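Structural description and commentary
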Amino acid sequence: MSLDVPRLRVGPTEIIALADAEGPFFSPRADAFPGATAAQWAEADRFDPGAVDAEGRWRLQFRAYAIRGDKGLTVVDAGIGPADSPACSWAPVPGVLPASLAAAGIDPAEVDTVVLTHLHTDHVGWAVVSEAAVPSTGGPAEGDASAGGRRPYFPNAEYLLQRAEFDALDTLNPQLRETLTDPLAAAGRLRLLDGDTPLRAGRAVATPGHTPGHQSVLVTDGRESALVTGDLLVHALQLLHPGLAYAHEADPEAARHSRERMLGRGTAGALHLATPHLTEPFLSA
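Residues numbered from 1 in each chain as written. Predicted model: local features only at pLDDT ≥ 70, side-chain atom pairs only at ≥ 80, totals over all residues. Heavy atoms only, no water.

1. Quick word on the overall build of the protein chain
Test applied: Secondary structure elements are taken from DSSP: a helix is a run of H or I of four residues or more, a strand is a run of E of two residues or more, and numbering for both begins at the N terminus. Atoms considered for the radius of gyration are the C-alpha atoms alone. The globule rule reads 2.2 Å times the number of residues to the power 0.38. Relative accessibility thresholds used throughout: buried, under 20% of the residue-type maximum; exposed, over 50%; partly exposed, between the two (1.4 Å probe, protein chains only). Contact criterion: two residues are considered in contact whenever any of their non-hydrogen atoms come within 4.5 Å of each other. Only the protein chains shown count as cover for residues, and all accessible areas are computed by the Shrake-Rupley method using a 1.4 Å probe. Positive charges come from Lys and Arg alone, negative charges from Asp and Glu alone, with His and the N- and C-terminal ends not counted. A charge is said to be at NZ when it belongs to Lys, at CZ for Arg, at CG for Asp and at CD for Glu.
Each helix and strand in the protein chain was counted, giving eight helices and 15 strands. Computed over its C-alpha atoms, the radius of gyration of the protein chain comes to 18 Å, within 12% of the 19 Å expected for a compact globule of 285 residues. Looking at the protein chain as a whole, 54% of its 285 residues qualify as buried. Intrachain contacts of the protein chain at a sequence separation of at least 6 include 71% that bridge at least 24 residues. Split by element, the accessible area of the protein chain, about 11,000 Å² in all, is 51% carbon and sulfur. Separation between the mean location of the 22 positive side-chain charges and that of the 36 negative ones in the protein chain comes to 5 Å.

2. Some points on helix α6 (residues 175–186)
As a reminder, the rule being used: To estimate how far a helix should reach, multiply one less than its number of residues by 1.5 Å. This arc is taken over the directions from the axis of the helix to the C-beta atoms.
For α6, spanning twelve residues, the distance from its first C-alpha to its last is 16 Å, which sits close to the expected 16 Å at 1.5 Å a residue. Among the residues of α6, those classed as buried are L176, T179, L180, T181, P183 and L184. Looking straight down α6, one finds that the buried residues subtend no more than 160 degrees of arc, so they occupy a single side. Among the structural elements, β6 (128–130), β7 (150–152), β8 (158–162), α4 (163–167), α5 (169–172) and β9 (190–193) are those in contact with the buried residues of α6. Once α6 ends, the next one or two residues include G188, with phi positive near 70 degrees.

3. Notes on the side chain of D53
For clarity, the cut-off: In protein, a polar contact means a hydrogen-donor-capable atom and an acceptor-capable atom, both N or O and within 3.5 Å, with residues adjacent in sequence counting only if both atoms are side-chain atoms; elsewhere, any N or O pair within 3.5 Å suffices.
Within the secondary structure layout, D53 lies in the loop between α2 (38–47) and β3 (59–69). On the basis of relative accessibility, which here comes to 16%, the residue D53 falls in the buried class. In this structure the side chain of D53 is engaged in a polar contact, spanning 2.7 Å, whose partner is the side chain of R57.

4. Side note on the nonpolar core
Note the following rule: The nonpolar core is taken to be a set of buried Ala, Val, Leu, Ile, Met, Phe, Trp, Tyr and Cys residues, with the residues joined through side-chain atoms within 4.5 Å.
Counting residues in each nonpolar core, the largest one holds 31 residues, and the members touching the most others are F33, W58, L227, L237, Y246 and L273. Going through the elements one at a time, α2, β3, α7 (236–240), α8 (252–263) and β14 (270–274) are the ones with two or more residues in this core. For this core, the element with the highest residue contribution is α7, accounting for three residues. If we ignore the near neighbours within four places in the chain, the residues touching L273 are L227, T229, L233, L239, L263, P281, F282, L283 and A285. The next biggest cluster of nonpolar side chains, apart from the first, holds 29 residues, and it includes W126, V128, L176 and L184.

5. Remarks on empty space enclosed by the protein
Here is the rule we go by: We place a 1 Å grid over just the protein atoms. Points where a 1.4 Å probe fits but has no way out form a cavity, open points with protein on both sides within 12 Å along at least 5 of 7 lines form a pocket, and any residue with an atom within 4 Å of a point lines it. Grid points are joined across faces, edges and corners, and a volume is the space filled by probe spheres set on the points.
Scanning the entire structure with this criterion turns up one cavity of 30 Å³ or more. Within this model, the largest cavity holds a volume of roughly 30 Å³.

6. Quick look at the side chain of T13
When you line up the elements, T13 lands in strand β2 (residues 13–24). Not counting residues up to four positions away in its chain, the partners in contact with T13 are L8, I67, R68, A201 and V219.

Below is the structure:
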């Protein structure tokens with residue numbers, strides 16, 4: 001896959017798209033959006049033709065984002081991960097996020113903040129890795145602990161997760177306690193947020209619905225904004241028809257409200273969208 005490094009600038013802040021993988025969804029796309037009409041599918045396919053393959057399957061991108069501002073470097077989400085990651089049962093592992101970081105000139109050790117939008121396995125894969133997967137250029141900071149032979153891939157970063165998401169861990173995926181949250185806690189790297197929270201660049205915004213504690217990241221400069229959406233948007237259907245329910249949302253009504261609220265910011269100025277799964281890494285709302 002291409003390791004081009006698309007970038008978007010909002011005022012003094014740079015947002016960098018980091019490819020990790022691409023591949024088909026694990027079930028027919030009509031099952032994912034059972035309420036979508038033929039006309040809506042046709043509209044979405046015109047808008048994002050790269051999201052459907054020759055066999056009519058939904059084809060996804062899997063990407064993370066970096067946000068570089070004058071106060072530090074934040075990474076939003078952590079892709080599908082290496083070959084032994086929690087996403088290996090369904091996603092096209094191993095991902096290439098380490099190579100994308102290198103192509104962007106980013107050493108994992110210089111990242112000071114990692115925002116996990118939610119706890120689905122295709123968004124946390126490189127967050128914590130086995131000892132063998134830690135690159136020599138991004139080894140753990142002195143004094144960091146490891147748990148069960150696993151340690152944070154970004155050794156000097158604070159990992160931010162909404163408390164509501166952490167509290168729902170056993171419902172979402174109890175395996176992640178051992179492979180993700182316990183190692184982060186053991187390393188002293190896990191911080192739980194309660195709603196909207198300022199970051200070094202932009203702010204975390206609670207956007208629940210896809211999961212109980214889903215969050216996005218908003219960067220604003222004057223009348224221009226960029227929203228790193230996480231799975232607030234997984235397909236062009238939801239951008240064109242924000243009220244359309246996605247079968248894998250924990251609370252479709254809350255997800256609809258979050259989408260409509262955040263997309264409505266586009267009426268007050270320029271709103272750019274940085275989406276992990278649509279074909280283009282940056283779109284205008």
